[in-house]
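These are the residues of each chain, in order.
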Amino acid sequence: MTATLVAKDVAGGYAHRVLFDHLDLTVVAGDVVGVVGANGAGKSTLLRILAGDLAPLAGTVSRAPADAFVGWLPQEHERVPGETIGQYVARRTGCAAATAAMDAAAVALSDPDAPAAAAETYSAALDHWLATGASDLDERLPATLVDLGLAVGDGPSQDALMTGLSGGQAARVGLAALLCSRFDVVLLDEPTNDLDLDGLARLEELVAGMRGGVVLVSHDREFLSRCVTRVLELDLAQHTNTVFGGGYDSYLQEREVARRHRREEYEEFAERKADLVARARTQREWSSQGVRNAIRKAPDNDKIRRRAASESSEKQAQKVRQMESRIARLKEVVEPRKEWVLEFTIGSAPRASSVVATLNEAVVHQGDFTLGPVSNQVNAGERIAITGPNGAGKSTLLRLLLGRIAPDAGTAQLGANVAIGEVDQARTLFTGPTPLAERFETLMPDLGSAEVRTLLAKFGLRADHVGRPVDELSPGERTRAAMALLQARGTNVLVLDEPTNHLDLPAIEQLESALETYTGALLLVTHDRRMADTVRVDRRWHVDGGRVVEI
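Criteria and thresholds
Residues numbered from 1 in each chain as written. Predicted model: local features only at pLDDT ≥ 70, side-chain atom pairs only at ≥ 80, totals over all residues. Heavy atoms only, no water. Salt bridge = Lys/Arg side-chain N within 4 Å of Asp/Glu carboxyl O. Helix = DSSP H or I, 4+ residues; strand = E, 2+ residues; numbered from the N terminus. Buried < 20%, exposed > 50% of the residue type's maximum accessible area, 1.4 Å probe, protein only. UniProt positions renumbered as here; feature names shortened; annotations may be inferred. Polar contact = N/O pair within 3.5 Å; in protein donor to acceptor, adjacent residues only side chain to side chain. Contact = heavy atoms within 4.5 Å.

### So, the pattern of salt bridges
A side chain of one charge can pair with a side chain of the opposite charge when the charged atoms of the two come close. Summed over the entire model, instances satisfying the criterion amount to 23 salt bridges. One salt bridge connects Glu-222 with Arg-226, and the closest N-O pair in it is separated by 3.0 Å. Note that Glu-222 and Arg-226 are positioned in helix α8 (residues 221-227) at a spacing of four residues, about one turn of the helix. Since its relative accessible area comes to 17%, Glu-222 is described here as buried. A salt bridge links Arg-536 to Glu-516; the shortest N-O distance between them is 3.8 Å. Remark: Glu-516 occurs in helix α16 (residues 505-517) and Arg-536 occurs in the loop between α17 (529-534) and β17 (539-544); sequence separation between them is 20 residues. Arg-536 gets classed as partly exposed once you look at its relative accessible area, which sits at 37%.

Structure, rendered in structure tokens:
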């Protein structure tokens, strides 16, 4: 089905805060619209509104035809306890809901006292069930999982529980749901998170081949550059939304030109207004001085001179009024608001021992998976990039190096005076029901409450964030909290496991800049292709099938 999704004059946000308004967007088959903006600008909120999961504060969202099937895949893979991969895919593709609706309609139709409309309800439910692809999902899913490397060898089958998967495996299951879906319009929120290079290539191919329109939110610059046909920018600082034609690289150029023009237009207006105001002030001073001089110099009986002075003062006053009128007629140009900019540095600690970590024939067994034997060494100040497909053992290798797990065979030793700073893939330091400020104070007991709040505010985590339970923060907000912790703590060994997941583009660029001046040891795991090209490293380790090789 060829479907169109239309948002007209839409506003989104919360009762106390409007994130965007007067937003117009039309999505037709073949469109790939990339939604960009700072964290908190309302990107995920917009996708929820387009999906019908959240009501807009104003405006309307319509579909043509009205029964068009819109699919929304949120940025965090919701893992329901006890839910298998097969059940997850059925739920995310809409097949499970369509099956339940058809079964309920069938039960209602079988009732001898069923109303005449029950047949129409069942017919509509059957049509929707067929449209979702539920009729042959069980036949299609196994081949899709095999194609994605999930149900081969030691990989999880469709009966495996979602709660037992790694972040990368869960991301591939999300990709499987997308491949098995029959959506007319697809809404993707951070679909690249946790995907390895093979998964990214598959996602790009999938997006390019979509039969309907796609609206996606992503901070992966290379993915955006390769995939999107238009860009919708939600500008939180200016409180504007703008659709840019052309791809992502074209958008970057147009945005820079537009920002420069706005700044030049304002500066021209401000300069013109300041000149007129100064001239009006001068005219007023001349007028006042003329009156004072006329009163002081003119005798009471010199009526002619008094009249001349009065006329001169009136002329000056008229010039003042004319100048003020010119100022009032100036077309007001609002000064562009300065965007909030994350200024990030990595706190330093005294240098560690010359050898940070050593592995000697180390082996780790985790269920059916085995990492090793690994023999490797990390030296002080070394910068190492770690690459490899999902499930290859990269995160396990990091935990082994840092002494978080002990080897089942061989040895693993951590050096002396090692101060570790870490942003792990799951952001585990910032999970749970504890309020953010309280959690941060627990991690940094030497900082007072006011200091903690000031630091978090520098990372965009203000009064409405610090009192909320950490679990209620967005993934991007939790990542910025982890970055704030890196700045507050001294570190000489920095471990970053997919650090760009959930970060907005300015924050990613700030992180890259901070890494350029960081002098300690660095262990970097990333599938962000532009970050991999930007960050300077000394060595590269490739992990695949539990084996680690230097490339």
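### A look at the UniProt feature "domain: ABC transporter" (unreviewed entry) in the protein
The sites that carry the UniProt feature "domain: ABC transporter" (unreviewed entry) are, in the present numbering, residues 5-270 and 350-551. Summarising residues 350-551: 31% helix, 29% strand, and an end-to-end C-alpha distance of 30 Å.

### Remarks on the side chain of Arg-140
Along the chain, the position of Arg-140 falls in helix α5 (residues 137-147). A polar side-chain atom of Arg-140 sits 2.9 Å from the main-chain carbonyl oxygen of Cys-180. Once you skip the residues sitting within four places of it in the chain, Arg-140 turns out to touch Thr-132, Gly-133, Cys-180 and Arg-182.

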